[in-house]
Amino acid sequence: MEIRPKFFDLSLSTRMKKWFGGCVIASLFMLLIFRYAVMKNPVVQGYLPNPFANSSNPLEWVQATVPPEVQNSSNPLEWVQSTVPPAVQNPGNDSQVVSTATVVFRLFAQRNVSNEERQSLQTWNLMKNLINHSQVLPNGMEAIKQAGSAWNSLMGSLEEEKRGSVNDSSNRRAKEKQCPHFLNKMNASELDSSGYRLLFPCGLTQGSAITIIGTPNGLLGNFRIDLTGESVPEEPDPPIILHYNVRIHGDKITEDPVIVQNTWTVGHDWGEEERCPSPVPEKSKKVDELDQCNKMVGRNGTLQSGVARRSSMMQEGLKSRRYFPFKQGYPFVATLRVGSEGMQMTVDGKHITSFAYREVCLTAFALLAFGTYPLYVNFRKFICFLSDQTLEPWLVSEVRLSGDLQLISVLASGLPTSEESEHVIDLEALKSTPLSPKTSLELFLGVFSTANNFKRRMAVRRTWMQYPAVRTGLVAVRFFVGLHKNQIVNEELWNEARTYGDVQLMPFVDYYSLITWKTLGICIFGTEVVSAKFVMKTDDDSFVRVDEVLASLERVKLSHGLLYGLINSDSRPHRSSDSKWYISPEEWRDEKYPPWAHGPGYVVSQDIAKAVYKMHREGRLKMFKLEDVAMGIWIADIAKDGLKVQYKNEERIHNLGCKDGYVVAHYQGAREMLCLWQKLEERKGAKCCGD
């Protein structure tokens, strides 16, 4: 055989490269065709058929795919291992791989919990069919996989506690201290090469704030503030929920001072930069009704950015100069606040920037870890259409400060924390009465809440859950809460559920894109756990006048085919990708939605709630990420089966705040809730609080 030098046949090498490139392009083209086939009609065909969907035992799903000789094993985990392809069992790296079957086993296996603890799991097993629909909504696969790990860890911790391997009282006190209301670091020194970190054990929530006092110093005075999430086993680095980069002497794009905001994940890398001042100010958007970038930043003027700058003005005179909130050698007070749509930065009391929460694609490794085909590993950049992850504040686990900054202090306030039950004076009055199976109710209210929203739930318990109709059992209220990725938060949530008996845990980790699953859970509880004449959905920042809801339903005199709420009968999908409620043509192809009721508070009759659960069991429920619109879509489908639907509009349900005479007031914090309740108790009527 003749051996030729490598340089001899360059044309052959070139042809092989072209051939390989052509194969890669063809493969990617086939993936896109596959994506089109799956996503062609996701709302009309919003589920993946599963021959075991009707099974009442989730382990049957696993067993049906396991060889008979392995089924004889007494260890169910051997079944799981046998169903995972070798490439997934040994992926060739150190990533932690979890198959779908393992997740099913972790979530729905029998656990050693008491009857009292089982009260918070009354909906849990009735939602196991979600596994079959996990690929339909963004974050679905990841949320269920993460829930499997979180639930396993929580149950393991509880088993240790019950075995007496830890001291219960001291351990409980230690955990309570790990969810503090505020954290601070005073008299901080100059940052070293690794910067400074402040951990948030239980994440952030709306209303949380981080205040940083420091002085830009060093050669350039540039520094950065990063809010990072928790590390994931499949990822080498944690996601950056907010990257706030102050460049006092500009960068490659501009010589002028600039603030750059961005996000970073392994799968998505750096996102699109948001710069302040913006090179295209006409494209600036509002976040929580505040500008992305204050229009004064970068403009010529004599405005200085704080009291500390006054001496600079005296020295330099009132000459015209560009306004920038940070100046090398001068101290600043910067506060980063968590809003409902994004994060706001104020410097020396002036709003400077806003940054909306983003959705980014998951990595190929995250999909592989859920048991998806290993083929995707080589096409990380091309699988973003399969699942997005919203970088929400509850994901934040720490703030990192680095660069040329002399740090004086850091203070984090408004952090999510639970109340110590032994310090709650009115504890018995706040506890919910256990509900026997199929208890008859006039109205069941399901409240959306997230795991670390402890303060909001306590405000609801102390206010409108004290209506006589709720206390006497005519009406029942339950919070529907997904698990958290943080074990400390889950342990606090479990203790809260045991104490008050009004929490229904969901078998998935909370993401905003999955709130439709909670709507399903509310329908299940209201018809399968109890038997409610009417089922209502609301939020933990909504104040509900329960007495007036009951009176309104009495006046309506309808008990079948009813949707009661603030009805929108002429709504169209948001087609702008910049919108928080953006819906692609693949997600909803029609120009209009069916009639639907706004999410802060709406009521359906029992027959509609029952039909929703029936369609879910049969695999016909069309999942849609906008929860209130989804209910409208479901009702329209139910009407096609012959049910006569009655839409009753209630204009006293206010979805954008509070107006006097309200039935439901939205966006109410804990203080506003208590104020509204006090006014009702003092017989001042349904009057709003504040300006």
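The rules behind these values
- Residues numbered from 1 in each chain as written.
- Predicted model: local features only at pLDDT ≥ 70, side-chain atom pairs only at ≥ 80, totals over all residues.
- Heavy atoms only, no water.
- Helix = DSSP H or I, 4+ residues; strand = E, 2+ residues; numbered from the N terminus.
- Buried < 20%, exposed > 50% of the residue type's maximum accessible area, 1.4 Å probe, protein only.
- Polar contact = N/O pair within 3.5 Å; in protein donor to acceptor, adjacent residues only side chain to side chain.
- Contact = heavy atoms within 4.5 Å.
- Disulfide = S-S within 2.5 Å.
- pLDDT = per-residue confidence, 0-100.
- Pairing = 2+ DSSP bridges.
- Axes fitted to C-alpha atoms, helices over the stretch in contact; angles between N-to-C directions.

### Things to note about the side chain of arginine 275
- Within the fold, arginine 275 resides in strand S8 (residues 274–276).
- A relative accessible area of 11% means that arginine 275 is categorised as buried.
- Within the local environment of arginine 275, its side chain forms a polar contact with the side chain of glutamate 273, the two groups lying 3.0 Å apart.
- When residues no more than four places from it in sequence are discounted, the contact partners of arginine 275 are Arg247, Asp251, Ile253, Thr254, Val258, Ile259 and Val260.

### Focus: the state of the cysteines
- For the structure shown, the criterion picks out three disulfides.
- Covalently, cysteine 276 is tied to cysteine 293 through a disulfide, its sulfur atoms 1.9 Å apart. Negative torsions about the S-S bond denote left-handed disulfides, and the value of about 65° found for cysteine 276 with cysteine 293 makes this one right-handed. Here the residue cysteine 276 occupies a position in strand S8, and cysteine 293 occupies one in the loop between strand S10 (290–291) and strand S11 (300–301), the gap between them amounting to 17 residues.
- Taking the relative accessible area as the measure of exposure, cysteine 276 reaches 2% and is therefore buried.
- Residue classification places cysteine 293 among the buried residues on the basis of a relative accessible area of 11%.
- What pairs with cysteine 658 in a disulfide is cysteine 688, and their sulfur atoms sit 2.0 Å apart. Here the S-S torsion is close to -90°, and the disulfide linking cysteine 658 with cysteine 688 is therefore left-handed. Taken together, the positions of cysteine 658 in the loop between strand S28 (653–654) and strand S29 (664–665) and cysteine 688 in the segment after helix H20 (670–681) put the pair 30 residues apart, joining distant regions of the chain.
- By relative accessible area, which is 16% here, cysteine 688 ends up buried.

### Quick look at the confidence of the model for the chain
- With 73% of its residues at a pLDDT of 70 or more, the chain shows a mean pLDDT of 77.
- Predicted confidence for residues 313–320 stays below pLDDT 50, and this span has 12 contacts to residues more than four positions away or in other chains.
- Predicted confidence is poor over residues 362–388, with pLDDT under 50, and the contacts of this stretch with residues over four places away or in other chains come to 77 contacts.

### Here's the deal with the environment of proline 468
- Along the chain, proline 468 falls in helix H14 (residues 468–471).
- According to the relative accessible area criterion, proline 468 is exposed, its value standing at 55%.
- Considering only alpha carbons, one finds proline 468 and aspartate 547, 79 residues apart in sequence, at a separation of 8.6 Å.

### Observations concerning the sheet that holds strand S13 (residues 332–338)
- One open sheet holds the six strands; their spatial order is S1-S19-S3-S13-S14-S15, and the pairing between them is antiparallel. Looking along the sheet, the strands with just one partner apiece sit at the ends: strand S1 (183–185) and strand S15 (350–356). Sheet twist, expressed as the mean angle between neighbouring strand axes with direction ignored, is 20°.
- Sheet analysis places strand S3 (residues 209–216) next to strand S19 (residues 405–413), joined by eight bridges and oriented antiparallel. Within the sheet, the bridge partner assigned to proline 216 lies in S19 and is leucine 405.

### With respect to unusual backbone geometry
- Note the cis peptide between cysteine 276 and proline 277, where omega equals 5°.
- Take proline 277: it is sitting in the loop between S8 and strand S9 (286–287).
- If you check the backbone angles, aspartate 348 has positive phi at about 50° while not being a glycine.
- The residue lysine 557 is not glycine, and still its phi comes out positive at about 60°.
- Here lysine 557 lies in the loop between helix H17 (546–556) and strand S25 (562–568).

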